[in-house]
Amino acid sequence: MSDKKIAFIGTGNMSYAIIGGMVKNGFAAKNIIATNRNQDKLAKVAADFGVQTTADNNAALRDADVIVLSVKPQMMGELCQSFQDSGVDFSNKLFISVAAGLTVKRLREMLGQDVKMVRCMPNTPSLLGRGVSGLYGAGETAEEHEFVQQVFECTGIVVWVEQESQINDIIAVTGSSPAYFFLFMEAIEEKAKALGFSDEDARRLVQQTALGAAEMALSQQDISISQLRANVTSKGGTTHEAVEHLKSQGLVGTVADAMDACIARAEAMEKEL
Ligand SMILES: NC(=O)C1=CN([C@@H]2O[C@H](COP(=O)(O)OP(=O)(O)OC[C@H]3O[C@@H](n4cnc5c(N)ncnc54)[C@H](OP(=O)(O)O)[C@@H]3O)[C@@H](O)[C@H]2O)C=CC1
Ligand SMILES: O=C(O)[C@@H]1CCC=N1
């Protein structure tokens, strides 16, 4: 493993998941620094993974070779300004941003320098090593490219995109999409409760079915997802009625429209922030 030092600035959901994946996959905890303005969150990440923690972002900036910017997009301007004001020379460090809606160009403006940058779009299943990370590189060295690849492979699968705009497509396909699946699960759970199942059973039934369906897709790569669906759908049977109802209500088009709305929001954020 590389002996580069990596600092996570703003250790919330995403950083916690990535740090956890790194430590479980053999990255040395002593080379990982986590920052937050909230001591409780730092205490948790230190207790769980044994990494260094500090509330001092500038100290982490100074000590690390790779800086992961992981605050909410709306907070990025203030954070980057504080780096500019810190007096730390970060001109040769690699920055990784996981923020939606902030382009490399805009992040470099915020930092006041054309720093080496990788944009990453992870998702929350990274916490379980089941994540997807879309990556777009801008000026990183081959060694840094490899390092970033290794970091995010600790959290699941990785795809590099050629065009920066494809990061917004990744948001729609994998960054935000765990929420679409959860919404579908919520809908089934609610109806199960309405049918009389206890809260506990409704939850158990929906989560096991979602897991089983995902594992079937994962374990049978030679069968299309459409065919997996067809295999549940007996001719003249019950599933057919349910699926035709969903289709006639426009589910497929609605999902596509939702993903377009997701991309449009990312593009709007690029103009706002
Ligand atoms: N959640 C998701 O599914 C995904 C999120 N992302 C991106 O990841 C980034 C982080 O999201 P997420 O982890 O969910 O957010 P969180 O709010 O969970 O984490 C960010 C943390 O940073 C802290 N923070 C804010 N400003 C500072 C600062 N100046 N110095 C130190 N700590 C600070 C926040 O503290 P406080 O709680 O006090 O505000 C918070 O604890 C976002 O840019 C988002 O776009 C990308 C892909 C998926
Ligand atoms: O909702 C958001 O803006 C972030 C980016 C992808 C998932 N969560």
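An unreviewed UniProt entry annotates the protein as Pyrroline-5-carboxylate reductase of Pseudoalteromonas gelatinilytica. Taken from UniProt, the Subcellular location (unreviewed entry) comment for the protein reads in full: "Cytoplasm".

A. Representation of the pairing of strand S6 (residues 116–121). Among the six residues of S6, six are classified as buried, and the element is accordingly described as predominantly covered. Side-chain alternation along S6 places Lys116, Val118 and Cys120 on one buried face and Met117, Arg119 and Met121 on a second face that is also buried. Note: strand S5 (residues 94–97) against S6, four bridges, orientation parallel. Bridge pairing in S6 places Ser97 opposite Arg119. Running through helix H5 (residues 104–111), the crossover from S5 to the neighbouring parallel element S6 is right-handed. Bridge analysis of S6 against strand S7 (residues 131–138) gives five bridges, and the strand direction is antiparallel. Bridging from a neighbouring strand, Cys120 pairs with Leu135 of S7.

B. A look at the site of ligand 1. Taken together, 19 residues surround ligand 1, and among them Met14, Asn36, Arg37, Asn57 and Val71 come closest. At a separation of 2.9 Å, an oxygen atom of ligand 1 approaches a polar side-chain atom of Asn36. Note that an oxygen atom of ligand 1 is positioned 3.2 Å from one of the backbone N or O atoms of Ala100. Considered on its own, ligand 1 offers 890 Å² of accessible surface; in the complex 81% of this is hidden by protein. Grouping the amino acids of the shell around ligand 1 by side-chain chemistry returns nine nonpolar, seven polar and three charged.

C. Structural view of the environment of Ser2. Of note, Ser2 is situated in the segment before strand S1 (6–9). Taking C-alpha positions, Ser2 is 28 Å from Lys105, a pair spaced 103 residues apart along the chain. There is a polar contact of 2.9 Å between the side chain of Ser2 and the backbone nitrogen of Lys4.

About the cut-offs
Residues numbered from 1 in each chain as written. Chains lettered and ligands numbered in written order. Predicted model: local features only at pLDDT ≥ 70, side-chain atom pairs only at ≥ 80, totals over all residues. Heavy atoms only, no water. UniProt positions renumbered as here; feature names shortened; annotations may be inferred. Buried < 20%, exposed > 50% of the residue type's maximum accessible area, 1.4 Å probe, protein only. Helix = DSSP H or I, 4+ residues; strand = E, 2+ residues; numbered from the N terminus. Pairing = 2+ DSSP bridges. Right-handed = clockwise from strand over helix to strand, strands pointing away. Near = heavy atom within 4 Å. Polar contact = N/O pair within 3.5 Å; in protein donor to acceptor, adjacent residues only side chain to side chain. Areas by Shrake-Rupley, 256 points an atom, 1.4 Å probe, with all protein chains shown as cover. Nonpolar A, V, L, I, M, F, W, Y, C, P; charged D, E, K, R; others polar.

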